[in-house]
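Reading the structure
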Amino acid sequence: MDNITACTSHGPVGATPAVQYSYFHDESATIKLYPAATSITPPWSVNSRVYLESSSTLKSTTPLAGVEHTHTPFSDNILKMLSRYPLRRLLIRVGDVASTSITDVDDISPAQLLREERARGPSGTSVLASFIKTEKRGQSSNSNDRQRQSKDEYTFLLRYLLDNNLFPPCGAPLDSIRVRKHGHSIIVHPPKNETGSSVGKKHNVVEVESFLAADAATFCNPGIHAFLLSKGTKAGEGGWGAAANNGACHPDENWGLFDSLFPSSSVALSDLLLRSSLDAAPSSLQSQKNKRHSVWIDLDVSDSCYDDLQLGSEEDECIIRVSRGASYHIGLPSPSLQNVDGNEQRHVLNLSLGDLILGNKRGEGSKAWYPCPLSDSSRVLLHMPAGFTSKITAGTGVINNDANGSIDGGEKFEFDAMKWKDGYYDLSASWAQIYQTEQGSEDGKSSSIFGISRTVQRPLGLSSIGTLVSVLRYDQIASQDHSYSVKIESLDVLPGALIKPKIHTLRMVLCKGGGAGKDRFIPPVNIKECSSYRYSSATCSEVMLSDLQNHNLLLNSDGSWLIKRTIMLNPDSSLWMMVDFDEAYIPFQKFPADANRGIDAFPSRATFTIEADAPITLSSSSLLLLPPVPDMSMPFNVISLSCTLWAFVLGSLLNILVRRATESVKSDFTGVREKRPIDKLKEKMKDKIGRLKRVLSGKTSSKRH
């Protein structure tokens, strides 16, 4: 942060005292090129992974309780939300697929590592809220009460996000999490006790997170507007984009990273997130792994913002930071043969900045990128894959151009957008020229280093008893340069509302060597057969909970189990955990609209840490569980048959009571008695006998004549 904007806000007479604050705004576009495996000419192809992020920071020596909300660059909605709900962090992520594995752990900057960490997450919509409670010395509260109170605050927070345009009205029905519908999941973590900065105070932090499997549902224009864009929103009424840009960019201009590249009238970003711009060249299944498209909002609040007293030193400043970002893949055009260095012909790819960021959607977005004039930094970072070289065009604002505008494989260049001529850059202008220098590139076939997966085994049917299987993997590819062990902290949720977990059947198997860390490795049912011909070099052994570094089993009130484990894994190994369960019959009111689709369970999550390296968090794919579905047509059948039976019974009863009673009243009034059945029978017999006599007498008289 180069520049510091220091301001003093003055409220009306008798209002809250003046507030001194500092405001910072940073934006960056990170472009990571990677080779794509292809079987067509030309012999090589590259695609790009784009990370766009804009961050706004507000620093003040006055706590939130003393801030006049209408006199800061941040949106009034956000500051009011923080004054109502004591949030330390609010992380909202929406993605189309889960980040189940990672293939590269190169040395990158902490800022880029944090950016990629935000981009990863489960499939669908996830909302994580950390609530902070300050207790004075001598005060104490029950852990269950704190969890219950935080869960209630969480439900009201979701409602506030919807009502104030801080979550898109389209897409994932966030409000359904409050009423437990649509197959969502919600978990409350146990409180953590921390020592506060103020003397005599301690902080209790409770994390509440929810998951809703609404695949790519928020990738619509209203959703993008609420999450990222700020143009066209009124002051104090906009979403996260207006809150982040009010201090650095004018809301009526297409300035800034997101508003410049994706105007509010454009559908380019929503099309990119919906995978309408896939890789240009056909690629293998391995190279298609983890092509996650996502958007995120990350709100960080320092503990000092909730102090009651005026803050003193800069270390105790109230800091509020809002980061909004998007991540997606771009399919780049194919290279063409050109003369390079004399008469030598080589496949060369000429790219513009619009090709790298927008791909084939360049014509639907803006024509130029206008950085915010008051931004502290606005930069572009370009990462080149191994085996490729790029020549950078002059005038792109490259920083530390010691290589005469040339980037070798495995290196990166940084560009300062604040130094662009006339304050903008044409997205169609030439930016870089890329060509291949080595034929030994992996062509996107690199294996995953870390991985997590979760499956369900139901041999007797989709709605019967079965076994949940969670797998943690550490591939041997990571040990080619070093043989460090990895520390894994995992979280598995067994949904008691969908199944009946039998926690006493929990068992774990540790497999080592022989490719046990690869994603295609499956141990045998009998671990004693692990050293057979098929698994000649792999060894498997049972692991008890007491053998782990740490473990915690927590039972929630709804019957769900939270299983937290900490273990050290060596390279080329995997840990398998199996838990049996019985089927659970749930009321039909709790089924989603499509009952036969199943209900998504909370995915597993694991954090991988190698010694002093930054941790990497991965999530498994959403597990689809199908409880026994009741026959929804049975109530209609029962009602129909019951009505038919009652109609027959009531009709017969009416015939007996009403018709007979009518005949009796008629006979009493006219004096004519209805003949009894026996009398009617006698009359019929007499009539038949009389007819027979007449017939016989007629034959006798004819013989006489």
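Scroll up a little and you will see the structure.
Everything numeric in this text was worked out from a predicted model, so none of it was measured. Along each chain, numbering runs from 1 in the same order as the chain's sequence is written. Only residues with pLDDT of at least 70 are given local features in this predicted model, and only at 80 or more are side-chain atom pairs given and counted; all residues enter the totals for whole chains, interfaces and linings. In computing side-chain properties, one takes all heavy atoms of the structure into account and sets aside hydrogens as well as water.

1. Details of the overall build of the protein chain
The helix and strand labels rest on DSSP assignments: H or I over at least four residues marks a helix, E over at least two residues marks a strand, and numbering proceeds from the N terminus. Summing up its helical and strand segments, the protein chain has 10 helices and 33 strands in all. Only protein chains enter the accessibility calculation, which uses a 1.4 Å probe; a residue is then buried when its area is under 20% of its type maximum, exposed when over 50%, and partly exposed in between. For the protein chain, the residues scored as buried account for 50% of the 705 residues in total. Partitioning the intrachain contacts of the protein chain with sequence separation of at least 6 by distance along the chain shows that 75% fall at a separation of at least 24. Carbon and sulfur atoms form 52% of the exposed surface of the protein chain, whose accessible area is close to 34,600 Å². Two residues qualify as a contact provided that any one of their heavy atoms is within 4.5 Å of a heavy atom in the partner residue. Accessible surface area values rest on a Shrake-Rupley calculation with a 1.4 Å probe, where residue burial reflects the displayed protein chains alone.

2. Looking at unusual backbone geometry
In this structure, Asp 422 is a non-glycine residue whose phi angle is positive, near 65°. The topology assignment puts Asp 422 in the loop between β18 (412–416) and β19 (425–426). Unlike most non-glycine residues, Asp 572 shows phi in positive territory, near 60°. With respect to the helices, strands and loops of the structure, Asp 572 is situated in the loop between β28 (561–569) and β29 (573–583).

3. Comments concerning the pattern of salt bridges
Oppositely charged side chains can form a pair if their charged atoms are brought close together. A pairing counts as a salt bridge when a side-chain nitrogen of Lys or Arg comes within 4 Å of a carboxyl oxygen of Asp or Glu. Across all of its chains, the model carries 17 salt bridges by this definition. The salt bridge involving Arg 118 is made with Asp 298; its shortest N-O contact spans 2.8 Å. Taken together, the residues Arg 118 in helix α2 (residues 110–119) and Asp 298 in strand β10 (residues 294–301) connect sequence positions 180 residues apart. For Arg 118, a relative accessible area of 5% puts it in the buried group. Taken together, the shared-partner salt bridges in this structure form one network comprising Glu 53, Arg 89, Arg 115, Arg 118, Asp 298 and Asp 300.

4. Describing the pairing of strand β25 (residues 507–512)
We call two strands paired when DSSP finds no fewer than two bridges between them. One ladder, built from six bridges, connects β25 with β29; its direction is antiparallel. Considered in β29, the bridge of Arg 507 is made with Met 578. Judged from the five bridges that link them, β25 and strand β26 (residues 539–543) form a sheet pairing that is antiparallel. From the neighbouring strand, Lys 512 faces β26, where its bridge partner is Thr 539.

5. Some details on the packing of helix α1 (residues 76–84) against helix α3 (residues 143–163)
To obtain an axis, a line is fitted to C-alpha atoms, over the contacting stretch when the element is a helix, and the angle between two such axes runs from 0 to 180 degrees between their N-to-C directions. Where α1 contacts α3, the two axes come as close as 11 Å, and the packing angle between them is 170°. When the axes of α1 and α3 are compared, the pair comes out roughly antiparallel. Crossing angle aside, the handedness with which α1 passes α3 is right-handed. Here Asn 77, Lys 80, Met 81 and Arg 84 of α1 lie close against α3, whose contacting residues are Leu 157, Tyr 160 and Leu 161. As a working rule, the residues Ala, Val, Leu, Ile, Met, Phe, Trp, Tyr, Cys and Pro are called nonpolar, Asp, Glu, Lys and Arg charged, and the rest polar, with Gly in that last group. Here the contact of α1 with α3 is composed, by residue class, of four nonpolar, one polar and two charged. For classification, angles of less than 35 degrees are called roughly parallel, those exceeding 145 degrees roughly antiparallel, those between 65 and 115 degrees roughly perpendicular, and all remaining angles oblique. By the definition used in this description, the sense in which the near helix is turned from the far one sets the handedness, with an anticlockwise turn below a right angle giving left-handed and a clockwise turn giving right-handed.

6. Focus: α2
Counting buried positions along α2 yields seven of 10 residues, so the element is predominantly enclosed. All of the buried residues in α2 are Gln 112, Leu 113, Arg 115, Glu 116, Glu 117, Arg 118 and Ala 119.

7. Side note on the packing of aromatic side chains
By convention, a stacked pair of Phe, Tyr or Trp rings (six-membered ring in the case of Trp) has centres within 6.5 Å and planes under 30 degrees apart, an edge-to-face pair has planes over 60 apart, and any other such pair is tilted. According to the stated counting rule, one finds 11 aromatic pairs in the structure shown. A ring pair is formed by Tyr 85 and Tyr 160, whose centres lie 6.1 Å apart and whose planes are at 70°; its orientation type is edge-to-face. Taken together, the positions of Tyr 85 in the loop between α1 and β4 (87–95) and Tyr 160 in helix α3 put the pair 75 residues apart, joining distant regions of the chain. Relative accessible area serves as the criterion here: at 6%, Tyr 160 is assigned to the buried category. Here the aromatic rings of Phe 450 and Phe 608 are separated by 4.9 Å at their centres, their planes lie at 10°, and the arrangement is stacked.

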